[in-house]
Structures are given as C-alpha cells and as structure tokens.
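# Chain and residue survey
Next come the chains, spelled out residue by residue.
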Amino acid sequence: MPDTPRYALRFISGKYQGGEFPLRMNREIIIGRSSDLDMVLVEDMVSRRHAKITSTANEVYIQDLGSTNGTFVNGEKVSRSRLNEGDRILVGTSIIKLVAADSNAVGQSEAEARRRLEAGATRHSTSGRPMSGVIEEIPLPDLLQLLSTSRKSGVLTVASGQGIGKIYLRKGQIYFAAINDDFAVSPQKAIYRMLTWQNGTFELEPSVEMQVMEEVQESTEALLMEGVRLLDEFRQIESHLPPPKSALAVPTPLAGKLRDLSPTELDVFQLVLDHGQLQAVLDHYSGSDLEAAQSLIGLMRREFVVVP
C-alpha cells in the first residue's frame, strides 16, 4: 500500500524511551512541545515548534524550525539534513533513531503511536530519570558527541560488566571521570577505558559542580578522537594479552639483560615486580593502556615476563 511506512522513529533515550512513531510516505511530521502537533514532546528543552520531518517515497529529511536548543543528527547541529537508516537525532533530552519499520510500526496509526508515547512518558516521569538508555543502542563515543555538541551538563553514569563509570560534564565539556570511584587512575585513562565498553546502561543526571584537583584540559572532541584511536589499536593486539586478572611473574634467571630494555619497558617491568597482575599493571602505568600493553607483549615475547 502506498501509505505503508518504510521507516519509524524509535526513542532510545529520554522520557519517551521505548516508543516508536511510524513515518508514512509523502508526509510532514511537526515535532514540538505544543499540544496540537503531530509528535508532542513535553519537556523544557523542546521548543513549541521544534523540528519538521518530511518523508517521501525514497527519502527522509529533518529541518530545525528555529528551536531554542537546536536539532542534532549524529552529534552535529543541523538546519536541514537528509536522514539515513541508523541515524540518531537529538531533540531536547530525547535520542531518536531512524529505523526500518517493523510489523508493529506498519500496523500502528499515528494516533496510537502518540498515545503510546504519552503513556511511556508518564512511566518514565515517575522514575525521575531524565535521560537514560543502553549503550548497545547508542555507543558511548556517539553519546558523548551528542552531549558535547548540545552542551549538556551533569554526571553521565555508565554501568557495565567492567564497572561503574562516571563522566562529569560542564556545558558539553568533560572535566573529570572515574571508574568505581578509583581516583588513582587518571580521568583521561578512565574515559578511554569506558569507550571500550560495548554493553551496559547509561543515565545522565543533573549534578552539583564537583571540585577536583586537576580538571581535564583536552576538549571532548579531542578526547573522543584519541580514545577511538587507542581503542582501534588496542583491539588489534588484545588477543596477545592474557585475561585482565591474570597473574604475571618475572622468571629467574632472566632471559636477557635489563640494559637492553627501553625506558617504557623498564617501567612496565617494574610494575610487574610490584603488582604481579595484568590489570594492576595497566592501572598503575602512567601512560595509556595501549602503551603499557605493547611493552608488556614485547616483554612476554622475550620472556622477561611470564604468566605462571
């Protein structure tokens, strides 16, 4: 049927999380806070008439309607932009993903979709969680890019199997971060580690300004670029490392002369002597996990370090 929607808007974060809205062909959808619009998002950061989505037989476009806080697509503020499947839109505190319409969206009327969005918003408002979701739906680098460009403030708490991470933001700028409240690990290293987490939940909460001895000076964009670079390179060598909780030891006699080691390798060698565990070595190394891992792999290949 010509009116069958090809795409749907899926709310993956915010008070309307879990809701879907079908996009029928040759249709304009006005998004905003005003109660007479096609998609009503009742929150302070959404303008009365915030954005317009236009769908044709083959294409979907979004246009900002002069909103106060802007419309963002994949972390970039847009005035008008063509959307592709998988794109993430930020309107207010809602992150919306353009997805292929499934059977539920195909059979759902716009009126029914609006009712379900309102019901979902009522459930979420009682929990007091203004912005939350899962990082399988929106990876942490993408989420931080959205929060940066939209100048959000607060504490982003990320719960994963690897721990509980907290990233502190001031108008989109990361100024501190920690995992499991371990302040011995630098905030930069904590951020880079969290970027490797592939599953878990996130929640952005307003916060009182946190006083720290030394704030992160790098821009959020620079942190993300460096973090993604380190992540890509770490994944290429990760298979050469034992599991994080593995014990490490120095054999006797040594397989070579310590004077043949580089300064970095000597530092890592010392950490193996002091701590005897892979994760502890990575935690106490002053540089990046990648740098420590590269040196450790070299030491293991030359049998200066072994897994007992």
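Above: the structure in question.
Parameters at a glance
- Residues numbered from 1 in each chain as written.
- Predicted model: local features only at pLDDT ≥ 70, side-chain atom pairs only at ≥ 80, totals over all residues.
- Heavy atoms only, no water.
- Helix = DSSP H or I, 4+ residues; strand = E, 2+ residues; numbered from the N terminus.
- Contact = heavy atoms within 4.5 Å.
- Areas by Shrake-Rupley, 256 points an atom, 1.4 Å probe, with all protein chains shown as cover.
- Lys, Arg positive; Asp, Glu negative; His and termini not counted.
- Charge placed at Lys NZ, Arg CZ, Asp CG, Glu CD.
- Axes fitted to C-alpha atoms, helices over the stretch in contact; angles between N-to-C directions.
- Parallel < 35°, antiparallel > 145°, perpendicular 65-115°, else oblique.
- Left-handed = near helix turned anticlockwise from the far one by under 90°.
- 1 Å grid on protein atoms, 1.4 Å probe; cavity = no way out; pocket = protein on both sides within 12 Å on 5 of 7 lines; lining within 4 Å.
- Points joined across faces, edges and corners; volume = space filled by probe spheres on them.
- Nonpolar A, V, L, I, M, F, W, Y, C, P; charged D, E, K, R; others polar.
- Salt bridge = Lys/Arg side-chain N within 4 Å of Asp/Glu carboxyl O.
- Buried < 20%, exposed > 50% of the residue type's maximum accessible area, 1.4 Å probe, protein only.
- Expected span 1.5 Å × (residues − 1).
- Arc of directions from axis to C-beta.
- Pairing = 2+ DSSP bridges.

## Brief notes about the overall build of the protein chain
Per the secondary structure count, the protein chain includes eight helices and 16 strands. Based on the C-alpha atoms only, the size of the protein chain along its principal axes is roughly 80 × 45 × 30 Å. In the protein chain, the share of contacts with a sequence separation of at least 24, taken over all contacts with a separation of at least 6, comes to 60%. Looking at the protein chain as shown, the accessible area adds up to about 15,200 Å², and 48% of this sits on carbon and sulfur atoms. Taking the average location of the 33 positive side-chain charges in the protein chain and that of its 40 negative ones, the two points are 5 Å from each other.

## Brief notes about the packing of helix H5 (residues 220-237) against helix H8 (residues 289-301)
The geometry of H5 relative to H8 is characterised by a closest axis approach of 9 Å and an angle of 25 degrees between their N-to-C directions. When the axis of H5 is compared with that of H8, the two are roughly parallel. Crossing handedness for the pair H5 and H8: left-handed. Across from Arg229, Leu230, Glu233, Phe234 and Ile237 in H5, the residues of H8 making contact are Asp289, Leu290, Ala293, Gln294 and Ile297.

## Overview of empty space enclosed by the protein
Overall, the coordinates contain two cavities of 30 Å³ or more when judged by the stated rule. Approximately 40 Å³ is the volume found for the largest cavity. Residue classes in the lining of the second largest cavity are distributed as three nonpolar, four polar and one charged.

## A short note on the pattern of salt bridges
By the definition in use, this model includes 13 salt bridges. Between Lys52 and Glu28 there is a salt bridge, and its shortest N-O distance comes to 3.7 Å. Highlighted residues: Lys52 in strand S5 (residues 51-55) and Glu28 in strand S3 (residues 27-32), separated in sequence by 24 residues. Judged by relative accessible area, Lys52 falls into the buried class, the value being 18%. The class for Glu28 is partly exposed, based on a relative accessible area of 42%. For the salt bridge of Glu215 with Arg170, the shortest nitrogen-to-oxygen distance reads 2.8 Å. Separated by 45 residues along the polypeptide, Glu215 in the loop between strand S16 (201-205) and H5 and Arg170 in strand S14 (residues 163-170) bring together distant segments of the chain. Residue Arg170 is classed as partly exposed on the basis of its relative accessible area of 28%.

## Looking at helix H6 (residues 263-275)
One turn of an α-helix holds 3.6 residues; hence residues three or four places apart share an orientation. Along its 13 residues, H6 runs 18 Å from first to last C-alpha, staying within 8% of the 18 Å computed at 1.5 Å per residue. Turning to H6, its buried residues number three or more, namely Glu265, Val268, Phe269, Leu271 and Val272. For H6, the angular spread of buried residues about the axis comes to 160 degrees, placing them on one side. Of the surrounding elements, those touching the buried residues of H6 are helix H7 (278-284) and H8. Within two residues after H6, Gly276 carries a phi angle of roughly 65 degrees, on the positive side.

## Comments concerning the sheet that holds strand S8 (residues 76-78)
The six strands lie next to each other as S2-S1-S11-S10-S7-S8, forming an open sheet whose pairing is antiparallel. On the outer flanks of this sheet lie strand S2 (20-23) and S8, each paired with one strand and no other. For this sheet the average axis-to-axis angle between neighbouring strands, irrespective of direction, equals 30 degrees.

## Focus on the pairing of S3
Inspection of the sheet shows S3 paired to S5 by five bridges, in the antiparallel sense. Its bridge partner being in S5, Ile30 is matched across the sheet by Lys52. One ladder, built from two bridges, connects S3 with strand S4 (residues 39-40); its direction is parallel. Its bridge partner lying in S4, Ile31 is registered against Met39.

## Points about the side chain of Thr157
In this fold, Thr157 is placed in strand S13 (residues 154-160). Residue classification places Thr157 among the buried positions, given a relative accessible area of 19%. Residues within four places of Thr157 in sequence aside, it is in contact with Ile164, Gly165, Lys166, Thr201, Phe202, Glu203 and Glu205.

## Let's talk about the sheet that holds S16
If you trace the five strands from one edge of the open sheet to the other, you get S12-S16-S13-S14-S15, paired in antiparallel fashion. Each edge of the open sheet carries a strand with a single partner, namely strand S12 (131-134) and strand S15 (173-179). Between one strand and the next, the sheet's axes are offset by a mean angle of 15 degrees, whatever the strand orientation. Lying over the sheet, helix H3 (residues 140-149) contacts S12, S13, S14, S15 and S16, oriented at roughly 170 degrees with respect to S13.

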